[in-house]
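# Analysis of the macromolecular model
Residues per chain, in single letters:
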Amino acid sequence: MAGRQHLYVPGPTNIPTAIMNAMHVDMEDHRSPVFPKLFKPLLTDLKKIFRTETGHAFIFPATGTAGWEIALTNTLNPGDKVLIYRFGQFSHLWAEMAKRLGFDVIIIERPWGEGIPVDDLQNRLREDRNHEIKAVLATHNETATGVTSDIGAVRTAMDAARHPAMLFVDGVSSIASLDFRMDEWGIDGAISGSQKGFMLPAGAALVAFSEKALKACETSTSRRYFLDLRDQLASNKDGYTPYTPSIPMLYGLRKSLDLLLEEGLENVYARHHRLAEGTRRAIAAWGLKLCAQPGFESDTVSAVMVPEDKDARDVISTAFNKYNISLGGGLSEVAGKVFRIGHMGDLNDVSLLGVIAGVEMALLDNGFAIQPGSGVAAAIEYYRTTA
Ligand SMILES: *Cc1c(COP(=O)(O)O)cnc(C)c1O
């Protein structure tokens, strides 16, 4: 079919042409005397995106999953207790990783669609009188269910319990899109990846650690080599990397940071909120519900529930085969029950109207009892009348 394949999965996201052009470069020597001129400012500017002045930013040739592993293995000792709430595929995988790496993982189950219950967290930390829990693992934006948790409130709960555990936050689908404040929220490890809010290809784990986490790194006995922050620190100090970096990725990241900082983070957050809100109006107009419970709705991805007699996979497959639209599928527990619309990264009103119209056609094709044009009409009205 002529025309483009339209990408609306919540990662990888669409790459702006300016970033693609910036990545189209000759290879160069990463040990040259000029390489630090590229590399050092990347670390400085990354800190602005994480909103940390006291932390350290790092760039690993890896993905977000490695970011979890970097946090765990650099700061904890084998057998250390960590606490995680599981309410979606990504919090599930992080918990599984922590188990496999030999940590003592306290997993608290929550219904998929909910986020971190901060009162429960405060109680559990209070009950942990001997401070055996060494880290709280928080999934800021659960991409599988379209749920955003309140990390500021997580910090408040930890402080109220006077608990010294470190706070590690999976911000893979929130950082560079949703309000994120590493210093203000007392985050010890912030984890992201290149292919979501940063609008780059997958292939860079972008992370930042607090002084407290880096102190723990000096004595942690967990085994690590490729992911050792100490090697990064030693090389990064002079503007180099311990092993070969992806040169196009670094030039792409340069452009991505320029675009984000030029727009201003507050504007980036507001843009995501607005595009998400128009999408939610369309979903409501179809009479469909979000997987996210009220108050947890994500501004980077909407997971839409289908009625019990329908299979969300049919909607996704019609959208892909007939309308050239890639939607996100339901992962594990919600497979067949939800389809996901990513509204993260390089998108605007008309790109969202495109996916809303395409989904509407796919819903009608699959016998959903919706009013033709209802979702599009609701979104048009919202986008047209809000700045
Ligand atoms: C995408 C994603 C990950 C995994 O990142 P990879 O880059 O695929 O390793 C982890 N956590 C969340 C919340 C994500 O959205």
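Reference entry: report on the structure contained in this document. Here the structure is a predicted model, which means the values were calculated and not measured.

Rules used in this analysis
What you see as residue numbers is a count from 1 along each chain, following the sequence as written. Per-residue local features are limited, in this predicted model, to residues with pLDDT of at least 70; the limit for side-chain atom pairs, both in listing and counting, is 80 or more; totals at the level of whole chains, interfaces and linings are taken over all residues. Only hydrogens and water are set aside when side-chain values are computed; all heavy atoms of the structure are taken into account. One heavy atom within 4 Å of a molecule or strand is enough for the residue carrying it to be called near that molecule or strand. Polar contact criterion, stated in full: a pair of N or O atoms within 3.5 Å, where within protein one must be able to donate a hydrogen and the other to accept it, and residues adjacent in sequence count only if both atoms are side-chain atoms. Surface accessibility in these figures is a Shrake-Rupley result with a 1.4 Å probe; residues are shielded only by whichever protein chains are displayed. Going along the chain from the N terminus, every DSSP run of H or I of four or more residues is numbered as a helix, and every run of E of two or more is numbered as a strand. All amino acids are sorted into three groups, where Ala, Val, Leu, Ile, Met, Phe, Trp, Tyr, Cys and Pro are nonpolar, Asp, Glu, Lys and Arg are charged, and the leftover types, Gly among them, are polar. For this analysis, a salt bridge means a side-chain nitrogen from Lys or Arg found within 4 Å of a carboxyl oxygen belonging to Asp or Glu. Accessibility here uses a 1.4 Å probe with only protein chains present; expressed as a share of the type maximum, an area under 20% marks a residue as buried, one over 50% as exposed, and anything in between as partly exposed.

### Quick word on the site of the ligand
Every residue near the ligand is listed here: T63, G64, T65, W68, F90, N141, T143, D170, V172, S173, Q195 and K196. Here G64 contributes a backbone N or O atom positioned 3.0 Å from an oxygen atom of the ligand. Separating a nitrogen atom of the ligand from a side-chain N or O atom of D170 is a distance of 2.6 Å. Considered on its own, the ligand offers 380 Å² of accessible surface; in the complex 88% of this is hidden by protein. Here the element with the most residues in the shell around the ligand is helix 3 (residues 64-75); it accounts for three residues. Tallied by class, the residues present in the shell around the ligand amount to three nonpolar, seven polar and two charged.

### Looking at the pattern of salt bridges
In the structure shown here, the tally under the stated rule is 26 salt bridges. Between D179 and R51 there is a salt bridge whose closest N-O contact spans 3.1 Å. In this pair, D179 is assigned in the loop between strand 8 (166-170) and strand 9 (189-193) and R51 in the loop between helix 2 (35-50) and strand 2 (56-60), connecting sequence segments 128 residues apart. Of the residues examined, D179 reaches a relative accessible area of 26% and is grouped as partly exposed. Assessed through its relative accessible area of 26%, R51 is described here as partly exposed. Of the charged contacts, one joins E114 and R110 as a salt bridge, the two residues approaching to 3.2 Å between their closest N and O atoms. Residue R110 is classed as partly exposed on the basis of its relative accessible area of 26%. Here the salt bridges do not stand alone but share partners, grouping R51, D179, R181, E184 and E266 into one network.

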